[in-house]
Amino acid sequence: MNRSAADITDLDTRSLARALRDGLAELNAVQAARCLVAVAALLLVLVTLDPFPDLRNPDVTAVVGGRMALTYVAWGLLAAVAVLLVATTDAPALKTLVTPLHLCLVGWLVINIALSESRGVSIQRFVLAASITSLAVLLPLLPPTQRSFNWCLGGAALVLPALCYLGVFLAPHYSIHTALDIGEPQLAGDWRGSFGHKNIASPVMTILVYVGIYLTAVGSFVMGPAIAALAGIFLIFTGGKTSSVLCLAVYALASLVYVTPSLWLKRIICFVPLIVMNLLTVGSVLSPTLGAMTRLLPLDPTFTGRSAIWEFALAAVAEKPIIGHGYAAFWDNVTARQTAQGAEWATSAAHSHNSYLDLAVTIGLPGLLLVILVFVLAPLGNFQSAQTHSRSGALGKLFLTIWLFGLYYGATETFLLERQNPIWFMFALAVAGLHFLARFQCVEQMKPER
(Lines give C-alpha, C1' and ligand atoms only; values in the text may rest on other atoms or scores of the structure.)
Protein backbone atom coordinates (compact mmCIF):
# COMPACT_ATOMS: atom_id res chain seq x y z
CA MET A 1 0.00 0.00 0.00
CA ASN A 2 1.33 3.42 -1.00
CA ARG A 3 1.96 5.99 1.72
CA SER A 4 1.15 9.65 1.24
CA ALA A 5 3.83 12.33 1.19
CA ALA A 6 2.54 13.58 4.55
CA ASP A 7 2.95 10.12 6.10
CA ILE A 8 6.51 9.85 4.74
CA THR A 9 7.37 13.32 6.04
CA ASP A 10 5.93 12.48 9.46
CA LEU A 11 7.88 9.22 9.58
CA ASP A 12 11.11 10.99 8.62
CA THR A 13 10.49 13.64 11.27
CA ARG A 14 9.91 10.98 13.94
CA SER A 15 13.06 9.10 12.85
CA LEU A 16 15.09 12.28 12.98
CA ALA A 17 13.71 13.10 16.44
CA ARG A 18 14.47 9.57 17.65
CA ALA A 19 18.02 9.76 16.26
CA LEU A 20 18.52 13.16 17.89
CA ARG A 21 17.19 11.84 21.21
CA ASP A 22 19.49 8.82 21.03
CA GLY A 23 22.42 11.05 20.16
CA LEU A 24 21.71 13.33 23.10
CA ALA A 25 21.42 10.32 25.39
CA GLU A 26 24.80 9.08 24.17
CA LEU A 27 26.31 12.54 24.61
CA ASN A 28 24.94 12.81 28.14
CA ALA A 29 26.36 9.40 28.97
CA VAL A 30 29.81 10.48 27.77
CA GLN A 31 29.53 13.73 29.71
CA ALA A 32 28.49 11.81 32.81
CA ALA A 33 31.46 9.48 32.37
CA ARG A 34 33.84 12.45 32.13
CA CYS A 35 32.43 13.99 35.29
CA LEU A 36 32.56 10.63 37.07
CA VAL A 37 36.25 10.21 36.24
CA ALA A 38 36.94 13.76 37.47
CA VAL A 39 35.16 13.18 40.78
CA ALA A 40 36.79 9.75 41.20
CA ALA A 41 40.24 11.28 40.67
CA LEU A 42 39.59 14.05 43.21
CA LEU A 43 38.24 11.64 45.82
CA LEU A 44 41.00 9.11 45.22
CA VAL A 45 43.73 11.68 45.83
CA LEU A 46 41.97 13.45 48.72
CA VAL A 47 40.43 10.48 50.55
CA THR A 48 42.78 7.74 49.24
CA LEU A 49 42.13 4.00 49.32
CA ASP A 50 43.40 3.81 52.89
CA PRO A 51 41.85 6.64 54.92
CA PHE A 52 42.09 7.05 58.70
CA PRO A 53 45.33 5.09 59.32
CA ASP A 54 45.87 3.93 62.88
CA LEU A 55 49.07 5.72 63.92
CA ARG A 56 49.20 3.68 67.13
CA ASN A 57 49.95 0.55 65.11
CA PRO A 58 53.73 -0.13 64.79
CA ASP A 59 53.10 -1.47 61.26
CA VAL A 60 51.50 1.76 60.04
CA THR A 61 54.58 2.70 57.99
CA ALA A 62 54.99 -0.74 56.45
CA VAL A 63 54.32 -0.98 52.74
CA VAL A 64 51.60 -3.54 52.05
CA GLY A 65 52.13 -5.06 48.62
CA GLY A 66 48.50 -5.78 47.82
CA ARG A 67 47.33 -2.34 48.91
CA MET A 68 50.01 -0.61 46.85
CA ALA A 69 49.15 -2.77 43.85
CA LEU A 70 45.52 -1.68 44.14
CA THR A 71 46.66 1.95 44.28
CA TYR A 72 48.74 1.57 41.12
CA VAL A 73 45.92 -0.20 39.30
CA ALA A 74 43.31 2.38 40.34
CA TRP A 75 45.39 5.36 39.29
CA GLY A 76 46.58 3.68 36.10
CA LEU A 77 43.06 2.78 34.98
CA LEU A 78 41.70 6.24 35.81
CA ALA A 79 44.53 7.90 33.90
CA ALA A 80 44.00 5.65 30.86
CA VAL A 81 40.25 6.33 30.81
CA ALA A 82 40.85 10.08 31.18
CA VAL A 83 43.29 10.10 28.27
CA LEU A 84 40.81 8.22 26.05
CA LEU A 85 37.94 10.55 26.94
CA VAL A 86 39.93 13.73 26.43
CA ALA A 87 41.75 12.60 23.28
CA THR A 88 38.47 12.19 21.39
CA THR A 89 37.28 15.77 21.93
CA ASP A 90 40.18 17.92 23.13
CA ALA A 91 43.07 17.02 20.83
CA PRO A 92 44.02 20.72 20.29
CA ALA A 93 44.38 21.17 24.04
CA LEU A 94 46.52 18.05 24.39
CA LYS A 95 48.81 19.18 21.56
CA THR A 96 49.63 22.38 23.43
CA LEU A 97 51.19 20.27 26.19
CA VAL A 98 53.86 18.98 23.79
CA THR A 99 56.39 21.78 24.12
CA PRO A 100 60.22 21.68 24.00
CA LEU A 101 60.39 22.64 27.68
CA HIS A 102 57.98 19.90 28.76
CA LEU A 103 59.82 17.35 26.63
CA CYS A 104 63.15 18.41 28.16
CA LEU A 105 61.77 17.87 31.67
CA VAL A 106 60.40 14.43 30.83
CA GLY A 107 63.64 13.53 29.05
CA TRP A 108 65.74 14.60 32.01
CA LEU A 109 63.57 12.56 34.40
CA VAL A 110 64.10 9.49 32.18
CA ILE A 111 67.87 10.03 32.25
CA ASN A 112 67.82 10.59 36.01
CA ILE A 113 65.83 7.41 36.61
CA ALA A 114 68.15 5.39 34.38
CA LEU A 115 71.13 6.55 36.49
CA SER A 116 69.34 6.38 39.84
CA GLU A 117 71.01 4.82 42.87
CA SER A 118 67.84 2.71 43.25
CA ARG A 119 66.57 2.37 39.70
CA GLY A 120 63.77 -0.05 40.54
CA VAL A 121 62.38 2.24 43.22
CA SER A 122 62.60 5.28 40.95
CA ILE A 123 60.85 3.51 38.07
CA GLN A 124 58.08 2.18 40.28
CA ARG A 125 57.38 5.53 41.90
CA PHE A 126 57.64 7.44 38.64
CA VAL A 127 54.92 5.25 37.10
CA LEU A 128 52.54 6.23 39.91
CA ALA A 129 53.60 9.90 39.68
CA ALA A 130 53.01 9.90 35.93
CA SER A 131 49.49 8.48 36.34
CA ILE A 132 48.55 10.96 39.06
CA THR A 133 50.07 13.95 37.27
CA SER A 134 48.36 13.00 34.01
CA LEU A 135 45.00 12.94 35.76
CA ALA A 136 45.66 16.30 37.40
CA VAL A 137 46.61 17.87 34.07
CA LEU A 138 43.59 16.41 32.26
CA LEU A 139 41.05 17.16 35.00
CA PRO A 140 40.27 20.73 33.78
CA LEU A 141 39.35 19.19 30.40
CA LEU A 142 37.17 16.33 31.67
CA PRO A 143 33.95 18.12 32.76
CA PRO A 144 32.17 19.32 29.58
CA THR A 145 31.23 22.75 30.99
CA GLN A 146 32.55 25.07 33.64
CA ARG A 147 29.32 24.54 35.56
CA SER A 148 29.92 20.79 35.64
CA PHE A 149 33.56 21.44 36.60
CA ASN A 150 32.31 23.49 39.54
CA TRP A 151 29.93 20.72 40.62
CA CYS A 152 32.66 18.07 40.40
CA LEU A 153 35.11 20.20 42.36
CA GLY A 154 32.50 21.31 44.89
CA GLY A 155 31.12 17.81 45.41
CA ALA A 156 34.54 16.36 46.19
CA ALA A 157 35.40 19.39 48.33
CA LEU A 158 32.26 18.79 50.42
CA VAL A 159 32.77 15.04 50.83
CA LEU A 160 36.29 15.34 52.25
CA PRO A 161 35.65 17.73 55.20
CA ALA A 162 32.37 15.95 55.98
CA LEU A 163 34.29 12.67 56.18
CA CYS A 164 37.00 14.28 58.31
CA TYR A 165 34.49 15.74 60.76
CA LEU A 166 32.74 12.39 61.05
CA GLY A 167 36.08 10.83 61.91
CA VAL A 168 36.81 13.46 64.56
CA PHE A 169 33.45 12.97 66.29
CA LEU A 170 32.95 9.23 65.80
CA ALA A 171 36.49 7.81 65.72
CA PRO A 172 38.87 10.38 67.25
CA HIS A 173 41.74 7.89 67.68
CA TYR A 174 41.83 7.52 63.88
CA SER A 175 41.46 11.21 63.02
CA ILE A 176 43.25 13.11 65.81
CA HIS A 177 46.91 12.74 66.75
CA THR A 178 47.31 11.09 70.15
CA ALA A 179 50.09 10.60 72.68
CA LEU A 180 50.07 6.91 71.70
CA ASP A 181 51.12 7.62 68.10
CA ILE A 182 54.25 5.67 67.19
CA GLY A 183 55.88 8.45 65.19
CA GLU A 184 55.19 11.88 66.72
CA PRO A 185 53.33 11.67 70.05
CA GLN A 186 54.08 15.38 70.64
CA LEU A 187 51.36 16.22 68.11
CA ALA A 188 48.64 14.88 70.43
CA GLY A 189 45.41 16.84 70.04
CA ASP A 190 46.03 18.10 66.51
CA TRP A 191 43.33 17.10 64.02
CA ARG A 192 44.40 15.09 60.97
CA GLY A 193 41.05 13.88 59.66
CA SER A 194 41.28 11.03 57.17
CA PHE A 195 44.96 11.81 56.50
CA GLY A 196 48.03 10.26 58.07
CA HIS A 197 49.46 13.55 59.33
CA LYS A 198 48.31 17.05 60.19
CA ASN A 199 50.92 18.44 57.76
CA ILE A 200 48.91 16.91 54.94
CA ALA A 201 45.49 17.79 56.32
CA SER A 202 46.32 21.48 56.91
CA PRO A 203 47.45 22.41 53.36
CA VAL A 204 44.59 20.43 51.83
CA MET A 205 42.10 22.33 53.99
CA THR A 206 43.76 25.59 52.92
CA ILE A 207 43.19 24.69 49.28
CA LEU A 208 39.56 23.79 50.06
CA VAL A 209 39.11 27.26 51.59
CA TYR A 210 40.18 28.70 48.23
CA VAL A 211 37.76 26.36 46.44
CA GLY A 212 34.93 27.54 48.70
CA ILE A 213 35.75 31.20 48.00
CA TYR A 214 35.80 30.48 44.26
CA LEU A 215 32.45 28.70 44.28
CA THR A 216 30.93 31.58 46.22
CA ALA A 217 32.29 34.04 43.66
CA VAL A 218 30.62 32.15 40.78
CA GLY A 219 27.21 32.11 42.49
CA SER A 220 27.17 28.98 44.65
CA PHE A 221 26.02 30.75 47.80
CA VAL A 222 25.32 27.55 49.77
CA MET A 223 28.02 25.10 48.72
CA GLY A 224 30.80 27.69 48.51
CA PRO A 225 30.50 29.22 52.01
CA ALA A 226 29.89 25.76 53.51
CA ILE A 227 33.14 24.40 52.05
CA ALA A 228 35.14 27.49 53.07
CA ALA A 229 33.76 27.44 56.63
CA LEU A 230 34.16 23.70 57.19
CA ALA A 231 37.69 23.67 55.78
CA GLY A 232 38.71 26.86 57.59
CA ILE A 233 37.58 25.62 61.00
CA PHE A 234 39.26 22.25 60.45
CA LEU A 235 42.46 24.04 59.40
CA ILE A 236 42.59 25.85 62.74
CA PHE A 237 42.24 22.61 64.71
CA THR A 238 45.01 20.87 62.74
CA GLY A 239 47.51 23.14 64.45
CA GLY A 240 49.25 23.66 61.10
CA LYS A 241 50.86 27.05 61.71
CA THR A 242 52.51 27.35 58.29
CA SER A 243 49.32 26.59 56.35
CA SER A 244 47.22 28.80 58.62
CA VAL A 245 49.51 31.79 58.07
CA LEU A 246 49.89 31.13 54.35
CA CYS A 247 46.12 30.69 53.86
CA LEU A 248 45.27 34.36 54.22
CA ALA A 249 48.68 35.74 53.21
CA VAL A 250 48.70 33.89 49.88
CA TYR A 251 45.09 34.84 49.12
CA ALA A 252 45.97 38.51 49.73
CA LEU A 253 49.05 38.11 47.52
CA ALA A 254 47.00 36.48 44.76
CA SER A 255 44.42 39.28 44.97
CA LEU A 256 47.21 41.84 44.57
CA VAL A 257 48.64 39.96 41.58
CA TYR A 258 45.15 39.75 40.08
CA VAL A 259 44.75 43.55 39.98
CA THR A 260 48.35 44.28 38.92
CA PRO A 261 48.54 44.91 35.16
CA SER A 262 52.29 44.56 34.54
CA LEU A 263 53.86 41.11 34.21
CA TRP A 264 57.12 42.35 35.70
CA LEU A 265 55.31 43.76 38.73
CA LYS A 266 53.49 40.44 39.05
CA ARG A 267 56.85 38.66 39.07
CA ILE A 268 58.21 40.95 41.77
CA ILE A 269 55.11 40.45 43.94
CA CYS A 270 55.16 36.66 43.54
CA PHE A 271 58.83 35.79 43.58
CA VAL A 272 60.69 38.32 45.75
CA PRO A 273 58.99 37.16 49.01
CA LEU A 274 59.50 33.54 47.90
CA ILE A 275 63.23 34.09 47.35
CA VAL A 276 63.53 35.85 50.71
CA MET A 277 61.68 32.99 52.41
CA ASN A 278 64.09 30.42 50.96
CA LEU A 279 67.11 32.55 51.87
CA LEU A 280 65.95 32.83 55.46
CA THR A 281 65.41 29.08 55.70
CA VAL A 282 67.78 26.95 53.58
CA GLY A 283 70.01 29.95 52.85
CA SER A 284 70.67 30.44 56.55
CA VAL A 285 72.74 27.24 56.67
CA LEU A 286 74.73 28.24 53.57
CA SER A 287 75.69 31.75 54.58
CA PRO A 288 76.90 32.77 58.07
CA THR A 289 75.63 36.29 57.37
CA LEU A 290 72.13 35.05 56.58
CA GLY A 291 72.30 32.73 59.58
CA ALA A 292 73.11 35.68 61.85
CA MET A 293 70.23 37.67 60.36
CA THR A 294 67.73 34.86 60.92
CA ARG A 295 68.74 34.58 64.57
CA LEU A 296 67.67 38.20 65.05
CA LEU A 297 64.14 37.46 63.85
CA PRO A 298 61.31 37.13 66.41
CA LEU A 299 60.38 33.72 64.97
CA ASP A 300 62.28 30.53 64.23
CA PRO A 301 62.79 30.31 60.43
CA THR A 302 64.38 26.88 60.82
CA PHE A 303 61.00 25.49 61.96
CA THR A 304 62.20 23.74 65.11
CA GLY A 305 65.69 22.76 64.08
CA ARG A 306 65.33 21.76 60.44
CA SER A 307 68.69 23.38 59.71
CA ALA A 308 70.37 20.01 60.43
CA ILE A 309 68.22 18.37 57.75
CA TRP A 310 69.01 21.14 55.28
CA GLU A 311 72.74 20.80 55.94
CA PHE A 312 72.46 17.06 55.38
CA ALA A 313 70.50 17.57 52.14
CA LEU A 314 72.93 20.22 50.86
CA ALA A 315 75.81 17.80 51.45
CA ALA A 316 73.89 15.24 49.37
CA VAL A 317 73.49 17.80 46.57
CA ALA A 318 77.25 18.44 46.64
CA GLU A 319 77.89 14.71 46.15
CA LYS A 320 75.91 14.55 42.88
CA PRO A 321 75.00 18.09 41.80
CA ILE A 322 74.25 17.27 38.15
CA ILE A 323 72.46 13.94 37.94
CA GLY A 324 71.20 13.73 41.52
CA HIS A 325 70.67 10.57 43.55
CA GLY A 326 67.59 9.40 41.66
CA TYR A 327 63.92 10.32 41.52
CA ALA A 328 62.22 9.56 44.87
CA ALA A 329 65.07 7.22 45.80
CA PHE A 330 67.27 9.10 48.27
CA TRP A 331 65.45 9.24 51.61
CA ASP A 332 64.57 5.57 51.95
CA ASN A 333 67.98 4.48 53.18
CA VAL A 334 70.16 7.31 54.44
CA THR A 335 70.99 6.11 57.97
CA ALA A 336 74.51 5.09 56.95
CA ARG A 337 75.44 8.52 55.62
CA GLN A 338 77.59 10.95 57.53
CA THR A 339 76.09 14.03 59.11
CA ALA A 340 77.17 16.79 61.46
CA GLN A 341 78.11 15.87 65.02
CA GLY A 342 75.03 16.13 67.23
CA ALA A 343 72.61 16.13 64.26
CA GLU A 344 72.66 12.42 63.46
CA TRP A 345 68.87 12.41 63.79
CA ALA A 346 68.69 14.22 60.44
CA THR A 347 69.33 10.89 58.69
CA SER A 348 65.94 9.66 59.92
CA ALA A 349 64.07 12.42 58.06
CA ALA A 350 61.63 11.40 55.36
CA HIS A 351 62.51 14.40 53.16
CA SER A 352 64.36 17.70 53.28
CA HIS A 353 61.35 19.85 54.28
CA ASN A 354 61.92 22.05 51.22
CA SER A 355 60.58 21.07 47.81
CA TYR A 356 63.26 22.90 45.84
CA LEU A 357 66.15 21.49 47.87
CA ASP A 358 64.63 18.02 47.69
CA LEU A 359 64.51 18.16 43.89
CA ALA A 360 68.16 19.20 43.80
CA VAL A 361 68.97 16.12 45.89
CA THR A 362 66.94 13.67 43.81
CA ILE A 363 66.94 14.91 40.19
CA GLY A 364 69.94 17.24 40.31
CA LEU A 365 70.34 20.95 39.67
CA PRO A 366 69.42 20.71 35.94
CA GLY A 367 66.21 18.93 36.92
CA LEU A 368 65.45 21.59 39.53
CA LEU A 369 66.00 24.31 36.91
CA LEU A 370 63.57 22.62 34.50
CA VAL A 371 60.95 22.25 37.24
CA ILE A 372 61.32 25.95 38.08
CA LEU A 373 60.86 26.91 34.42
CA VAL A 374 57.78 24.70 33.97
CA PHE A 375 56.03 24.99 37.34
CA VAL A 376 57.28 28.28 38.80
CA LEU A 377 57.91 30.76 35.97
CA ALA A 378 55.60 29.62 33.15
CA PRO A 379 52.28 29.63 35.09
CA LEU A 380 52.52 33.34 35.88
CA GLY A 381 53.09 34.09 32.21
CA ASN A 382 50.07 31.95 31.37
CA PHE A 383 47.97 33.87 33.88
CA GLN A 384 49.07 37.17 32.34
CA SER A 385 48.12 35.90 28.88
CA ALA A 386 44.72 34.73 30.15
CA GLN A 387 44.10 38.15 31.68
CA THR A 388 45.12 39.88 28.46
CA HIS A 389 42.47 37.89 26.57
CA SER A 390 39.83 38.37 29.33
CA ARG A 391 39.77 34.72 30.36
CA SER A 392 41.05 35.03 33.89
CA GLY A 393 37.85 35.53 35.94
CA ALA A 394 37.17 33.67 39.16
CA LEU A 395 38.48 30.39 37.77
CA GLY A 396 41.79 31.97 36.80
CA LYS A 397 42.12 33.48 40.26
CA LEU A 398 41.45 30.07 41.85
CA PHE A 399 44.22 28.47 39.79
CA LEU A 400 46.54 31.40 40.53
CA THR A 401 45.90 31.16 44.29
CA ILE A 402 46.46 27.38 44.49
CA TRP A 403 49.65 27.76 42.43
CA LEU A 404 50.96 30.55 44.67
CA PHE A 405 50.13 28.60 47.81
CA GLY A 406 52.08 25.63 46.44
CA LEU A 407 55.14 27.78 45.73
CA TYR A 408 55.28 29.12 49.29
CA TYR A 409 54.28 25.87 50.96
CA GLY A 410 57.12 24.23 49.04
CA ALA A 411 59.63 26.37 50.96
CA THR A 412 58.74 24.51 54.17
CA GLU A 413 57.60 21.05 53.02
CA THR A 414 58.30 18.63 50.18
CA PHE A 415 55.57 17.93 47.63
CA LEU A 416 56.75 18.84 44.10
CA LEU A 417 56.66 15.77 41.81
CA GLU A 418 55.69 13.66 44.84
CA ARG A 419 53.51 10.95 43.38
CA GLN A 420 50.47 10.45 45.69
CA ASN A 421 50.59 13.80 47.46
CA PRO A 422 47.23 15.65 47.27
CA ILE A 423 48.98 19.04 47.37
CA TRP A 424 51.00 18.06 44.29
CA PHE A 425 47.81 16.92 42.53
CA MET A 426 45.99 20.20 43.18
CA PHE A 427 49.10 22.21 42.33
CA ALA A 428 49.53 20.39 39.00
CA LEU A 429 45.80 20.87 38.30
CA ALA A 430 46.17 24.62 38.87
CA VAL A 431 49.25 24.85 36.64
CA ALA A 432 47.44 22.95 33.88
CA GLY A 433 44.36 25.14 34.28
CA LEU A 434 46.43 28.29 33.79
CA HIS A 435 48.11 26.69 30.76
CA PHE A 436 44.76 25.99 29.11
CA LEU A 437 43.19 29.33 30.04
CA ALA A 438 46.10 31.12 28.36
CA ARG A 439 45.42 29.34 25.07
CA PHE A 440 41.68 28.77 24.79
CA GLN A 441 38.47 30.71 25.13
CA CYS A 442 37.33 28.75 28.17
CA VAL A 443 38.14 25.54 29.92
CA GLU A 444 34.83 23.94 29.10
CA GLN A 445 34.99 24.47 25.34
CA MET A 446 38.72 24.43 24.58
CA LYS A 447 38.29 26.16 21.24
CA PRO A 448 41.60 27.40 19.86
CA GLU A 449 41.90 31.05 18.90
CA ARG A 450 41.42 31.94 15.27
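Residues numbered from 1 in each chain as written. Predicted model: local features only at pLDDT ≥ 70, side-chain atom pairs only at ≥ 80, totals over all residues. Heavy atoms only, no water.

- The protein is annotated in an unreviewed UniProt entry as O-antigen ligase of Bradyrhizobium symbiodeficiens.
- One UniProt comment on the protein, placed under Subcellular location (unreviewed entry), says "Membrane". (UniProt positions renumbered as here; feature names shortened; annotations may be inferred.)

### Quick notes on helix α7 (residues 198-217)
Line of reasoning, step 1. In a regular helix each residue adds 1.5 Å, so 20 residues correspond to 28 Å; α7 covers 29 Å between its end C-alpha atoms and thus fits that length.
Line of reasoning, step 2. Of all the 20 residues making up α7, 15 are buried; the element is thus mostly covered by neighbouring parts of the structure.
Line of reasoning, step 3. Of the residues trailing α7, glycine 219 is marked for its positive phi of about 105 degrees. (Helix = DSSP H or I, 4+ residues; strand = E, 2+ residues; numbered from the N terminus. Expected span 1.5 Å × (residues − 1). Buried < 20%, exposed > 50% of the residue type's maximum accessible area, 1.4 Å probe, protein only.)

### With respect to the confidence of the model for the protein
Line of reasoning, step 1. Per-residue confidence for the protein averages 86 on the pLDDT scale, and 83% of its residues sit at or above 70.
Line of reasoning, step 2. Per-residue pLDDT stays below 50 along residues 23-27; that stretch engages in zero contacts with residues further than four places along the chain or on separate chains. (pLDDT = per-residue confidence, 0-100. Contact = heavy atoms within 4.5 Å.)

### Some words on the side chain of arginine 125
Line of reasoning, step 1. Structurally, the position occupied by arginine 125 is in helix α5 (residues 119-138).
Line of reasoning, step 2. Setting aside its immediate chain neighbours within four residues, arginine 125 contacts Tyr72, Tyr327, Ala328, Asp332 and Arg419.

### Looking at the packing of helix α13 (residues 307-319) against helix α14 (residues 355-388)
Relative orientation and spacing of two packed helices are given, respectively, by the angle between their axes and the distance between those axes.
Line of reasoning, step 1. Packing of α13 against α14 brings their axes to within 9 Å, and their N-to-C directions diverge by 15 degrees. In terms of axis orientation, α13 runs roughly parallel to α14. Both α13 and α14 take part in a crossing whose hand is left-handed. Judged by residue contacts, Trp310, Ala313, Leu314, Ala316 and Val317 of α13 engage Leu357, Ala360, Val361 and Leu365 from α14.
Line of reasoning, step 2. Among the residues making up the contact of α13 with α14, the classes are represented as nine nonpolar, no polar and no charged. (Axes fitted to C-alpha atoms, helices over the stretch in contact; angles between N-to-C directions. Parallel < 35°, antiparallel > 145°, perpendicular 65-115°, else oblique. Left-handed = near helix turned anticlockwise from the far one by under 90°. Nonpolar A, V, L, I, M, F, W, Y, C, P; charged D, E, K, R; others polar.)

### Topic: helix α8 (residues 223-238)
Line of reasoning, step 1. With 16 residues, α8 extends 22 Å from end C-alpha to end C-alpha; this agrees with the ideal 22 Å at 1.5 Å per step.
Line of reasoning, step 2. Along α8, the residues classified as buried are Met223, Gly224, Ile227, Ala228, Ala231, Gly232, Phe234, Leu235 and Thr238.
Line of reasoning, step 3. Positioned one or two residues after α8, glycine 239 has a phi angle of 75 degrees, which is positive.

### A word on the pattern of salt bridges
Line of reasoning, step 1. Going through the model one piece at a time under the given rule, you end up with four salt bridges.
Line of reasoning, step 2. Residues arginine 34 and aspartate 90 are paired through a salt bridge, measuring 2.8 Å at the closest nitrogen-oxygen approach. Linking arginine 34 in helix α1 (residues 5-46) with aspartate 90 in the loop between α2 (65-89) and α3 (91-95), this pair joins segments that are 56 residues apart in sequence.
Line of reasoning, step 3. Of the charged contacts in the structure, one is a salt bridge between aspartate 54 and arginine 56, with a shortest N-O distance of 3.0 Å.
Line of reasoning, step 4. By relative accessible area, which is 27% here, arginine 56 ends up partly exposed. (Salt bridge = Lys/Arg side-chain N within 4 Å of Asp/Glu carboxyl O.)

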